[in-house]
Amino acid sequence: MSALSPLSVALLVAVTIGLAAALLAWRERPEPGATWLAVLLAGQVWWATFLVFELEAATLPAKALWYDVQWIGVVAIPVGWFFFALEYTGRDRYVTPFSVALVAVVPAATVAVAAAGDPGSLLAVDRVVRETGVGTVLDVVPGPLYYVIAGYTYLLGAVGSVPLIRLIRDDARPFRGQSAALLIGTAAPWAGSVAYLSGAIPVPGLDPTPLVFAVSGVAYLLALSRFRLLTLAPAPRRRARQLVFEQLHDPVFVVGTEGFIVDLNESAAETFGVDRRTAIGKPAPAVVPKYDAVRELDAGDGGKPRAIPIVGRDGQRPYEATVRGVVDDHDRTTARVITFHDVGAYLGQQQRLNVLNRVFRHDVRTETNLIQGYAERLRADPTDERALTVIEESAGRMLELSERTRAAGELFDPTEEFASAPLPEIVDDAVADARGLDPDAAVEVGPMPAVTVPVVLRVVLENLCSNAVRHNDAEAPWVGIDAAAEDGWVDVTVADDGPGIDPAEYDVLDRGTETPLRHGSGIGLWIVKWGVDHLGGRIRFDERDPRGTAVTVCVPLDRSEADGDDCGTDRDEPSPDDEPAGDERAPLGSPPGPGR
């Protein structure tokens, strides 16, 4: 048996290195790209192995046979490289049986032609055995299909290299090293092939591409061992970022530079009742709530985030919008990401803390001082009926304050947050409570729509009815309750013939905050406002002629049924979306003139 030629020995070295790299890649399955990298390396090993057979063959038919066998490895390499690059960089959604079959059409046709004996000389126009300084080689004059498969190989190689080139500039050092090693491993045989086709190789018929597979094998081994290729692949990052975007609790819109919707997440679609499929491509003002106000934030507008009242599926809620630019590698802004953060809970908690602080700091202390003062008078004169009466009244007010504070806590009871009940039942409870305060009170209830409402509305109506009776100076207080339901919302109006509400109370509620000099007289109206805000609704106050007040609360019938239509749309009162952008709270309507 004759010794192998130096060229064959060099090829066997490349085969050994490539085989080792292929085995390592195969062992990493099912890591992203592992299988396709193994296919690529197997193709290189196949090509180099049967080139050794070709070089060592003594006759033209034998060399031609091994030459045609090599095509299996030749066409497997670009296919493996292309799909490896897609999976490795997280674009596995494009790796499907259909795409694999489509990409494999040209390679499969090439192998079929070679297996059929190259009819029509599609792969090789002529084949000649030449004696060269490195041995006997098969000098092939390429046919038309040869150039087709060569161009196809370069195309797949170039397309697959694009996402890897992007990783060269990645912030993560391991990914930069991996991508650099992979590109070197691909560029080396690519350069060898170009040199062969351009005639730059001085040895006729010698294609150096399989020889530089040794360089590829070393590069891939380096990527697999030194840079932990496949065990630390960037593929999950792309999917993870998409997952974070989709699962983000805050609604997010992506708006292109031309003002059209590019993307939105599930929360945005759910919160604002937007169909994702039809929203993408539409002008942003038609999809993004209060887009004009958001654009003001984007323009700087003082640089301070503001809450914007927006009506969504949960009713009207205050949202704080933030705008971030999407910048490409050339520092050009390509889109803007608009994120809405629901700050209703935060603002409500801030209001409750301010009000409860005022109650304990002012109201409770005042009543306590009153009780202490008149208790001293009782100590001096136990027959002082005036002192006893004042103490009893003061204690009664403190008890009432305690009960209202408890009611405020019930508004935010998580066990009843999503509970609902028929509206007539809730109104009956509120009426019974009001009649219990004053048996002489005349409470008239109009026709109630047979709808279901959140049970939180019970606390709201109980406070409105009790206020209407408790603060009425008539001998027989009158209270009227009416309701109307429309488009997923219900309006409940509680009217009385009392002296009216002090405008200062409206002012405090409208501003949403209390100060030592500007504060409410109790906690009842605050409970009404918190309850309505909690439900995402609105309140309207109207004067009655000749005296009295009508308070209308507008709330969604049911959170799961509210369709996002504006509260009051198609009605006389203004829609929340028609309010000036940037208001922190929904306006309460026009306050009456003289009040109690």
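Throughout this description, residue numbers start from 1 for each chain and increase along the sequence as written. Residue-level local features of this predicted model are given only where pLDDT is at least 70; pairs of side-chain atoms are given and counted only at 80 or more, and the full residue set underlies all totals for whole chains, interfaces and linings. Note that the side-chain values use all heavy atoms of the structure and ignore hydrogens as well as water.

1. A look at the overall build of the protein
No. 1: In terms of helices and strands, the protein carries 19 helices and 14 strands.
No. 2: Here a residue-residue contact requires only that any non-hydrogen atoms of the pair lie within 4.5 Å. Across the protein, the fraction of contacts at a sequence separation of at least 24, relative to all contacts at a separation of at least 6, is 66%.
No. 3: Only the protein chains shown count as cover for residues, and the accessible areas themselves come from Shrake-Rupley with a 1.4 Å probe. Accessible surface, the protein as shown: approximately 29,000 Å² in total, 58% of it carbon and sulfur. The way it works is that DSSP assigns letters per residue, a run of H or I at least four long becomes a helix, a run of E at least two long becomes a strand, and they are numbered from the N terminus.

2. Side note on the sheet that holds strand β13 (residues 538-543)
No. 1: Two strands qualify as a pair provided that DSSP identifies no fewer than 2 bridges between them. If you trace the 5 strands from one edge of the open sheet to the other, you get β9-β11-β12-β14-β13, paired in mixed fashion. Every interior strand has two partners, whereas the edge strands, β9 (442-445) and β13, have only one. Going from strand to strand, the sheet's axes swing by 15 degrees on average, the running direction of each strand aside.
No. 2: Pairing between β13 and strand β14 (residues 549-556): 6 bridges, direction antiparallel. Bridged to arginine 540 within β14 is threonine 552.
No. 3: Helix axes are fitted to C-alpha atoms over the stretch in contact, other axes to C-alpha atoms as well, and angles between N-to-C directions run from 0 to 180 degrees. The sheet strands contacting helix α16 (residues 423-437) are β9, β11 (478-486) and β12 (489-496), and the helix crosses β9 at an angle near 170 degrees.

3. A few points about the packing of helix α2 (residues 34-56) against helix α3 (residues 60-69)
No. 1: The N-to-C vectors of α2 and α3 enclose an angle of 175 degrees; their axes lie 8 Å apart at closest approach. Regarding the angle of α2 to α3, the classification is roughly antiparallel. Here Trp46, Phe50, Phe53, Glu54 and Leu55 of α2 lie close against α3, whose contacting residues are Lys63, Trp66, Tyr67 and Val69. Any angle that falls under 35 degrees is termed roughly parallel, while one over 145 is termed roughly antiparallel, one within 65 to 115 roughly perpendicular, and all others oblique.

4. Observations regarding the pairing of β12
No. 1: With 7 of 8 residues buried, β12 is to be regarded as a mostly interior element.
No. 2: Sheet analysis places β11 next to β12, joined by 8 bridges and oriented antiparallel. Looking at β12, one finds that valine 479 is bridged to aspartate 496.
No. 3: Between the end of β11 and the start of β12, which pair antiparallel, lie 2 residues, with aspartate 487 showing a positive phi angle near 55 degrees.
No. 4: Pairing of β12 with β14, which is carried by 7 bridges, proceeds in the antiparallel orientation. Considered in β14, the bridge of aspartate 491 is made with cysteine 554. Under the scheme applied here, a residue whose accessible area is under 20% of the maximum for its type counts as buried, over 50% as exposed, and between as partly exposed, the area being computed with a 1.4 Å probe on protein chains only.

5. Some points on the nonpolar core
No. 1: In plain words, nonpolar cores are sets of buried Ala, Val, Leu, Ile, Met, Phe, Trp, Tyr and Cys residues tied together by side-chain atoms within 4.5 Å. Among the nonpolar cores identified, the biggest contains 64 residues, and Trp71, Phe84 and Leu229 are the most heavily contacted of them.
No. 2: Mapped by element, the contributors of at least two residues to this core are α1 (6-27), α2, α4 (71-88), α6 (105-115), β2 (135-142), α7 (144-167), α8 (173-197) and α9 (213-225).
No. 3: Residue contacts for tryptophan 71: discarding those within four places in its chain leaves Thr110, Val111, Ala114, Leu123, Tyr146 and Ile149.
No. 4: Leu401, Leu411, Val460 and Val528 belong to the second largest nonpolar core, which has 53 residues in total.

6. Observations regarding the sheet that holds strand β7 (residues 333-342)
No. 1: Across the sheet, which stays open at both edges, the 5 strands sit in the order β4-β3-β7-β6-β5 with antiparallel pairing between neighbours. For this open sheet the edge positions go to β4 (261-264) and β5 (307-312), each flanked by a neighbour on one side alone. This sheet shows a mean twist of 35 degrees between the axes of neighbouring strands, independent of strand direction.
No. 2: Sheet analysis places strand β3 (residues 252-256) next to β4, joined by 3 bridges and oriented antiparallel. Paired with phenylalanine 253 across the two strands is leucine 264, which belongs to β4.
No. 3: Along the sheet face, helix α14 (residues 344-380) touches β5, β6 (315-327) and β7 and points at about 125 degrees away from the line of β6.

7. Some details on the pairing of strand β1 (residues 124-132)
For a regular strand, side-chain orientation follows a simple rule: the groups alternate between the two sheet faces.
No. 1: Of the pairings in the sheet, the one linking β1 to β2 comprises 8 bridges and is antiparallel in character. The residue bridging alanine 124 from the neighbouring strand is proline 142, located in β2.
No. 2: In sequence, β1 turns back onto β2 through a hairpin of 2 residues.

8. Notes on α14
No. 1: Multiplying 1.5 Å by the residue count of a helix minus one yields the expected span of that helix. If you check α14, its first and last C-alpha atoms are 53 Å apart, about what 37 residues at 1.5 Å a residue would give, namely 54 Å.
No. 2: In this analysis the local bend is the angle between axes fitted, respectively, to the seven residues ending at and the seven residues starting at the residue. Where α14 bends most, the angle comes to about 30 degrees, and this point is valine 359.
No. 3: Turning to α14, its buried residues are Gly344, Leu347, Gly348, Gln351, Arg352, Val355, Arg358, Val359, Asp363, Val364, Glu367 and Tyr374.

9. Notes on the pattern of salt bridges
No. 1: A carboxyl oxygen of Asp or Glu within 4 Å of a side-chain nitrogen of Lys or Arg is what we treat as a salt bridge. In the structure shown here, the tally under the stated rule is 15 salt bridges.
No. 2: Glutamate 246 serves as the salt-bridge partner of arginine 276, at 3.0 Å between the closest nitrogen and oxygen. With arginine 276 in helix α12 (residues 276-279) and glutamate 246 in helix α10 (residues 235-247), this residue pair connects regions lying 30 residues apart in the sequence.
No. 3: We note a salt bridge from arginine 397 to glutamate 367, for which the minimum N-O separation is 2.8 Å. Linking arginine 397 in helix α15 (residues 385-411) with glutamate 367 in helix α14, this pair joins segments that are 30 residues apart in sequence.
No. 4: Taking the relative accessible area as the measure of exposure, glutamate 367 reaches 13% and is therefore buried.
No. 5: What emerges from the salt-bridge pattern is a single network uniting Glu246, Asp263, Glu266 and Arg276.

10. Quick word on the packing of aromatic side chains
No. 1: Two rings from Phe, Tyr or Trp (for Trp, the six-membered ring) form a pair when their centres are within 6.5 Å of each other. A pair whose planes differ by under 30 degrees is stacked, one over 60 is edge-to-face, and the rest are tilted. Under the counting rule described, the total for this entry stands at 19 aromatic pairs.
No. 2: Measuring from ring centre to ring centre gives 5.4 Å for tryptophan 47 and phenylalanine 213, while their planes differ by 70 degrees; the resulting arrangement is edge-to-face. One end of the pair, tryptophan 47, is in helix α2; the other, phenylalanine 213, is in helix α9, and 166 residues separate them in sequence.
No. 3: On the basis of relative accessible area, tryptophan 47 is assigned to the buried category, the value being 12%.
No. 4: Judged by its relative accessible area of 2%, phenylalanine 213 falls in the buried class.
No. 5: Three or more aromatic residues joined by ring pairs form one cluster here, namely Trp46, Phe50, Phe53 and Trp66.

11. Here's the deal with the packing of helix α17 (residues 456-470) against helix α19 (residues 524-535)
No. 1: One can describe the packing of α17 onto α19 by two numbers: an axis separation of 9 Å at closest approach and a directional angle of 155 degrees. Classified by the angle between their axes, α17 and α19 sit roughly antiparallel to one another. Remark: the crossing between α17 and α19 carries left-handed chirality. Across the interface between the two elements, Val456, Leu457, Val459, Val460, Asn463, Leu464 and Asn467 of α17 pack against Gly524, Leu525, Ile527, Val528, Gly531, Val532, His534 and Leu535 of α19.
No. 2: We call Asp, Glu, Lys and Arg charged. Ala, Val, Leu, Ile, Met, Phe, Trp, Tyr, Cys and Pro are nonpolar, and the rest, Gly among them, are polar. For the contact of α17 with α19, the class distribution of residues is 10 nonpolar, 5 polar and no charged. For any pair of crossing helices, the crossing counts as left-handed if the nearer helix is rotated counterclockwise from the farther one by less than a right angle, and right-handed if it is rotated clockwise.

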